[in-house]
Every structure is written in C-alpha cells, then in structure tokens.
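# Observations on the model geometry
As a plain string of letters, each chain reads:
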Amino acid sequence: MAKIPTREEAFELLKSYNESEALIKHALAVEGVMRHYAQKYGEDVEKWGVIGLLHDLDYEKFPDQHCRKVVEILRENEIDEEVIRAVASHGYGICSDVKPEHIMELVLYTTDELTGLINAAAIMRPSKSVMDLEYKSVIKKYKSPNFAAGVDRSVIEKGCEMLDTDLQSVIEDVLLGMRSVAKDIGLE
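Residues numbered from 1 in each chain as written. Predicted model: local features only at pLDDT ≥ 70, side-chain atom pairs only at ≥ 80, totals over all residues. Heavy atoms only, no water.

## A closer look at the overall build of the protein chain
Helix and strand counts for the protein chain stand at nine helices and zero strands. Counting from the amino terminus, helix and strand elements in the protein chain follow one another as α-α-α-α-α-α-α-α-α. Principal-axis analysis of the C-alpha atoms gives the protein chain an extent of 45 × 35 × 30 Å. Taking all 188 residues of the protein chain together, 50% fall into the buried category. Partitioning the intrachain contacts of the protein chain with sequence separation of at least 6 by distance along the chain shows that 63% fall at a separation of at least 24. In the form shown here, the protein chain has an accessible surface area of approximately 9100 Å², with 49% of it arising from carbon and sulfur atoms. Side-chain charges in the protein chain split into 23 positive and 35 negative, and the spacing between the mean points of these groups amounts to 6 Å. (Helix = DSSP H or I, 4+ residues; strand = E, 2+ residues; numbered from the N terminus. Buried < 20%, exposed > 50% of the residue type's maximum accessible area, 1.4 Å probe, protein only. Contact = heavy atoms within 4.5 Å. Areas by Shrake-Rupley, 256 points an atom, 1.4 Å probe, with all protein chains shown as cover. Lys, Arg positive; Asp, Glu negative; His and termini not counted. Charge placed at Lys NZ, Arg CZ, Asp CG, Glu CD.)

## Observations regarding the pattern of salt bridges
Evaluation of the coordinates by the stated rule reveals 13 salt bridges. Of the charged contacts in the structure, one is a salt bridge between E81 and R75, with a shortest N-O distance of 2.8 Å. Each of R7, E31, R35 and E46 takes part in one network of salt bridges that share partners. (Salt bridge = Lys/Arg side-chain N within 4 Å of Asp/Glu carboxyl O.)

## So, the environment of G32
Tracing the backbone through its elements, the reader meets G32 in helix α2 (residues 21-41). In this structure the C-alpha to C-alpha distance between G32 and S180, which are 148 residues apart in sequence, comes to 6.3 Å. Those residues in contact with G32, other than ones at most four positions away along the chain, are G177, S180 and V181.

## Here's the deal with the environment of S137
Among the secondary structure elements, S137 is positioned in helix α7 (residues 135-142). With a relative accessible area of 29%, S137 lands in the partly exposed category. Considering only alpha carbons, one finds S137 and V107, 30 residues apart in sequence, at a separation of 22 Å.

## Overview of α7
Along α7, the residues classified as buried are V138, I139 and Y142. The buried residues of α7 occupy one face: seen down the axis, they fall within an arc of 95°. Within α7, the exposed residues directed more than 90 degrees away from the buried face are K136 and K140. On its buried side, α7 packs onto α6 (103-124), α8 (153-163) and α9 (167-179). (Arc of directions from axis to C-beta.)

## A closer look at the packing of aromatic side chains
Scanning the entire structure with this criterion turns up three aromatic pairs. Centre to centre, the rings of Y41 and W48 are 6.4 Å apart; their planes meet at 50°, and the pair counts as tilted. A relative accessible area of 35% means that Y41 is categorised as partly exposed. For W48, a relative accessible area of 0% puts it in the buried group. Three or more aromatic residues joined by ring pairs form one cluster here, namely Y37, Y41 and W48. Seen from the ring of F62, K69 lies directly overhead, with NZ or CZ sitting 4.8 Å from the centre. One Lys or Arg, R153, reaches over the ring of Y142 and ends 5.5 Å from the middle of that ring. (Phe/Tyr/Trp six-rings, centres within 6.5 Å; stacked < 30°, edge-to-face > 60°. Lys NZ or Arg CZ within 6 Å of the ring centre and 35° of its normal.)

Pasting the structure below:
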C-alpha cells in the first residue's frame, strides 16, 4: 500500500541516492521553504516537507532522467502518488510534462530555483548567512543576469503567475523558510 514517508524515511531515501553535500543542503533548504508555506496555508507541514526533501532525489545519479527516474524510484518504494506527482511537477516545462496544479506543487515549482539564488546571495555576504539577508539584496542579485546564471528566472516568474502572487512576496517567504533551516544548510 502506498504511503507518505516520515521525514526520517524521506531523509534516508535522499541520502541513499545523493552523496553531494550541496544537493543534500539544497533538499534541506527546499524542505524548510515547503514547511514554511504549508504552515502559512494551513496545509500538512510534514507532507510538504517530505516533498521538499525528495524533489531532487534522482538528480545526482540520473541527471539526464531528472523528474522521470524519480517517479520509478518512488513507486518502487511504495510512496503515495500525490507525493510522486508533486515531485515530478517541479520540473514542468524543463524535464517533465506534469503540470503543477495543487498549491503544494505550485509552491515547489516556484521556489526551487529561488532557493539556489538565495543560497548564492547569502554566501557572497560577509556574514555568509541567510539570517541578515533581506529582500532588497536578493532582488538586486536577481536582476543581475550574470549572478547565479544557472537559475532560471523565467520559471520563478511563471510560478509567481501560477500562484497569483508577486515576486517580492515569494522572495520574502523563501527567505523565512530558509532561515528556519539556516543551521542545517550552513547559512546561519
């Protein structure tokens, strides 16, 4: 019977497919952001957190099959289809044709790339911390196309439209989510 894994089970599964400290910290950052948004929207914090942890499960070992191989892995592990769909939808239009529809999927789609940009902005600061990083600094970096050039800003912007919210609100919420896990992601 399909299940939603506990946070511990999800983290163990993540570590069984990923050795890269950077990828594990990214998963922890996205988990923190997803938990923040779940609390904000009155949703299931544990489920949203697990989805954040597992979203890039296949990326290190199967980069060419990202968002496709993860479906197979999660089904082999008897993970609930709602979790599988959410994880697969975060690559919509890039490496997946699963369109994010549920609020949980839309949040993951919108915030995943942004956590990378905010992480890069934080490590450039003298404090190397997300705790004192503010919207003004993030948006300045965001508007500079050469900064964190691998971050697809069009995905973030499309996500904001799909969420019917503005970029400033999303940046502020992602900052709050990342602050909640700052110690775990090395940005305290």
